[in-house]
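The residues making up each chain are set out below.
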Amino acid sequence: MPLSAINQFCYPTPSLVKTKTPTSLKCSFLSKSPPFPLTKTAPLTLNRNQKLSLSIVAMSMEAGVGVMGTKLGMMSYFEPNGKVVPVTVVGFREGNIVTQIKTDATDGYDAVQVGYRRVRDKKLTKPEMGHLEKAGVIPMRHLQEFRLQGLDGFEVGQKLLFEELFKEGDLVDVSGTTIGKGFQGGIKRHNFKRGPMTHGSKSHRALGSIGAGTTPGRVYKGKKMPGRMGGTKTKIRKLKIVKIDNDLRVVMIKGALPGKPGNLLRIAPAKIVGKNIPKS
């Protein structure tokens, strides 16, 4: 990636279900108390007129607060020993400011809401502008939450700097939207094998049989078939921070990150069992 492209970028002129008792093991293993008693109890019985309602949290705990950045592209980085490392360059526009602090008393869970990438006022709706004006921050395009165990040290309007949260050599989890590839067949989408191309074969890249006949008389759910490929949110875990350049306001992360250059990325401390996540 040419240095001029980085300089031009660096120097420019989801709602959660409110609940107090999460019932998902994935998102509650860091909570202060277990979501259900660990002792064996009698089975639950309900009358015909009674209904069982369970509140499920759709977001898991983070190992720590993170930031948002913009993917710039990939390049080769030469380490002092001469080893070549493929890295993705991530830049940071104006933002990464704490816009709201959610507590268990007011919202049912502890989280820090962060805003990123400044935009003009007319790009936002009046409710969005009112929310940001209440926090006393600039208009920003993206708002995301980081659900944490504790909220000590955070305040509304606080600016989060990457070099203060991370250092070179740390491992991070990076989330983003993958490149959309449109409607694709089974070979490209699911790595199917193709049929013979010669000797009179009439089946080359066709899907083939998708199930039995009379029994079961239908196609099972989840069958791998042609369809839309890519364009989904994904997370790549435990990527190493190779270089932090404070002058250019960029960071180099080892490996490939989701999406095209210009896409939004969410960078958070990597979840490591036994280090920042308790063992089950």
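Residues numbered from 1 in each chain as written. Predicted model: local features only at pLDDT ≥ 70, side-chain atom pairs only at ≥ 80, totals over all residues. Heavy atoms only, no water.

Undergrad: I'd like to hear about the overall build of the protein chain, residue by residue, with values.
TA: Regarding its fold elements, the protein chain presents six helices and 11 strands. Burial status across the protein chain gives 35% buried among its 280 residues. About 18200 Å² of surface is accessible on the protein chain, with carbon and sulfur atoms providing 53% of the total. (Helix = DSSP H or I, 4+ residues; strand = E, 2+ residues; numbered from the N terminus. Buried < 20%, exposed > 50% of the residue type's maximum accessible area, 1.4 Å probe, protein only. Areas by Shrake-Rupley, 256 points an atom, 1.4 Å probe, with all protein chains shown as cover.)

Undergrad: I'd like a description of the nonpolar core, backed by residues and values.
TA: One finds Val90, Phe162, Val172, Val174, Val251, Ile253 and Ile267 to be the most contacted residues of the largest nonpolar core, which totals 27 residues. Elements with a contribution of two residues or more to this core: β1 (67-78), β4 (111-118), β6 (171-177), β9 (233-245), β10 (250-254) and β11 (264-269). The residues contacting Ile253, other than those within four sequence positions of it, are Pro86, Val87, Thr88, Val90, Val172, Val174, Leu239, Lys240 and Ile267. (Core = buried A, V, L, I, M, F, W, Y, C linked by side-chain atoms within 4.5 Å. Contact = heavy atoms within 4.5 Å.)

Undergrad: Pulling in residues and values, what's your account of the sheet that holds strand β3 (residues 95-102)?
TA: In spatial order, the strands read β3-β4-β5; together these three strands make up an open sheet with antiparallel pairing. A strand with exactly one partner marks an edge of an open sheet, and here the two such strands are β3 and β5 (140-147). On average, each strand axis in the sheet is tilted by 25° relative to the strand beside it, whichever way the strands run. Relative to β5, β4 is paired through seven bridges, and the arrangement is antiparallel. What sits directly across from Tyr116, in β5, is His142. Lying over the sheet, helix α4 (residues 126-135) contacts β3, β4 and β5, oriented at roughly 85° with respect to β3. (Pairing = 2+ DSSP bridges. Axes fitted to C-alpha atoms, helices over the stretch in contact; angles between N-to-C directions.)

Undergrad: Describe the environment of Phe154, and please don't skip the residues or the numbers.
TA: Residue placement: Phe154 occurs in the loop between β5 and α5 (162-165). Spatially, the C-alpha atoms of Phe154 and Ile101 are 7.8 Å apart, while their sequence positions differ by 53 residues. The residues contacting Phe154, other than those within four sequence positions of it, are Val65, Ile101, Val112, Leu148 and Leu160.

Undergrad: So what's going on with the pattern of salt bridges? Residues and values would help.
TA: Pairing of side chains with opposite charge becomes possible as their charged atoms draw close. One pass over the full model with this rule turns up five salt bridges. Across the pair Arg266 and Glu62 runs a salt bridge, and its minimum N-O distance is 3.0 Å. Remark: Glu62 occurs in the loop between α2 (25-28) and β1 and Arg266 occurs in strand β11; sequence separation between them is 204 residues. Like Glu62, Arg266 is buried. (Salt bridge = Lys/Arg side-chain N within 4 Å of Asp/Glu carboxyl O.)

Undergrad: Requested: an account of the sheet that holds β6, with residues and values cited.
TA: With respect to topology, six strands assemble into a closed barrel ordered β1-β2-β10-β9-β6-β11, the strand pairing being antiparallel. Pairs of neighbouring strands in the sheet enclose a mean axial angle of 50°, with direction left out of account. Here four bridges tie β9 to β10, and the two strands are oriented antiparallel to one another. Across the sheet, Asp245 pairs through a bridge with Val250, a residue of β10.

Undergrad: Tell me about a positive patch on the surface, and please be specific about residues and values.
TA: There is a patch of like positive charges on the surface, built from Arg120, Lys122, Lys123 and Arg141. By the secondary structure assignment, Lys122 is in the loop between β4 and α4. (Patch = residues over 30% accessible without salt bridge, like charges linked within 9 Å, V, L, I, M, F, W, Y side chains within 5 Å. Lys, Arg positive; Asp, Glu negative; His and termini not counted. Charge placed at Lys NZ, Arg CZ, Asp CG, Glu CD.)

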